[in-house]
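# Fold and geometry: a report
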Amino acid sequence: MQFTRRNYQHRTRPGALDHPGRRQWLTTPTRLPHGQRTLIRDALIHDPDRACRKTAGMLRQHYGASPYWPALAHTLAPVLDAFGTVRTATVAEISTRVLLGLLGRQGKILVSSDLPSRPGRSQRLADLCAITGARTYVRGTGGMTYLDPEPFAAEGIAVLPFRPPTTSIRPAGRSLSSLWALAALGPQEVAAGMRQLALDHGLVAAAHARGRGEVL
């Protein structure tokens, strides 16, 4: 997929530990070797050393006072090391793996570029769901406006809108980095809240029955 600037592919919004409503962007400066046609996997970090220092400093500034910070800082070390690869996608992938690990997620992670799929935004997503055995595709509400349901229906795959948490684990919805919840509440409480959210979606039992993982 093509890299999209001003999106969550290379940035997030940490919230102040004691006031999550106070947020600011944390961006990994990214250059595109092939212009707008550059794929996510080919996007490169501009000045990775400086980007790494800025990321580490901002996270410490926001969450250093948390009682969970020492453990979080240790766990996030591989993410900072990933800046040395000079690839934005690697930082994003490792940060995803680290966060899933903090929440005790044991599922298998697959990389979409390694899986066969047909062109077309909705068709490609439907193919990825089908090849991994998924029977339900959970989509952000924004994406529901342009998603074509026909390729999913052809595969017998249901499409459901994702409902962001409305509890204390993420009071500001999609606009707030999950690191706030981990620093304010701790990984165990956040993991319990996410399990409850999955139960509310009716996903946990189905996922356990299929033994499937996430697709990045």
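Each remark here, short or long, concerns the structure printed above.
So, here's what we can say about the structure. Nothing here was measured: the structure is a model prediction, and the numbers come from that model.

Our next topic: helix 1 (residues 48-63). Helix length check: helix 1, at 16 residues, gives a terminal C-alpha distance of 22 Å against a target of 22 Å (1.5 Å per residue), a fit within 8%. Among all positions of helix 1, only Ala51, Cys52, Thr55, Ala56, Met58, Leu59, His62 and Tyr63 are buried. On an axial view of helix 1, the arc spanned by its buried residues comes to 165 degrees, and they lie on one face. In helix 1, the exposed positions that point more than 90 degrees away from the buried face belong to Asp49, Arg50, Arg53 and Gln61. Check the buried side of helix 1 and you find it contacts strand 2 (15-16), strand 4 (26-27), strand 6 (44-45), helix 2 (69-81) and helix 6 (178-185).

With that settled, the discussion passes to the pattern of salt bridges. All chains considered together, the criterion is met by three salt bridges. The closest approach of N and O atoms between Arg22 and Asp18, which form a salt bridge, is 3.5 Å. With a shortest N-O distance of 2.8 Å, Arg118 and Asp127 are connected by a salt bridge. Under the relative-accessibility criterion, Arg118 is labelled partly exposed at 44%. The exposure class of Asp127 is buried, given its relative accessible area of 9%.

Residue Arg6 is not a glycine yet carries a positive backbone phi of 55 degrees. Looking at the secondary structure, you find Arg6 in the segment before strand 1 (11-12). For Arg6, a relative accessible area of 68% translates into the label exposed.

Turning our eyes to something else, we now look at the packing of helix 1 against helix 2. Where helix 1 contacts helix 2, the two axes come as close as 12 Å, and the packing angle between them is 165 degrees. Regarding the angle of helix 1 to helix 2, the classification is roughly antiparallel. Pair helix 1 / helix 2 crosses with right-handed handedness. Listed contacts from helix 2 to Cys52, Thr55, Ala56, Leu59, Arg60 and Tyr63 of helix 1 are Trp69, Leu76 and Leu80.

About the cut-offs
- Residues numbered from 1 in each chain as written.
- Predicted model: local features only at pLDDT ≥ 70, side-chain atom pairs only at ≥ 80, totals over all residues.
- Heavy atoms only, no water.
- Helix = DSSP H or I, 4+ residues; strand = E, 2+ residues; numbered from the N terminus.
- Expected span 1.5 Å × (residues − 1).
- Buried < 20%, exposed > 50% of the residue type's maximum accessible area, 1.4 Å probe, protein only.
- Arc of directions from axis to C-beta.
- Contact = heavy atoms within 4.5 Å.
- Salt bridge = Lys/Arg side-chain N within 4 Å of Asp/Glu carboxyl O.
- Axes fitted to C-alpha atoms, helices over the stretch in contact; angles between N-to-C directions.
- Parallel < 35°, antiparallel > 145°, perpendicular 65-115°, else oblique.
- Left-handed = near helix turned anticlockwise from the far one by under 90°.

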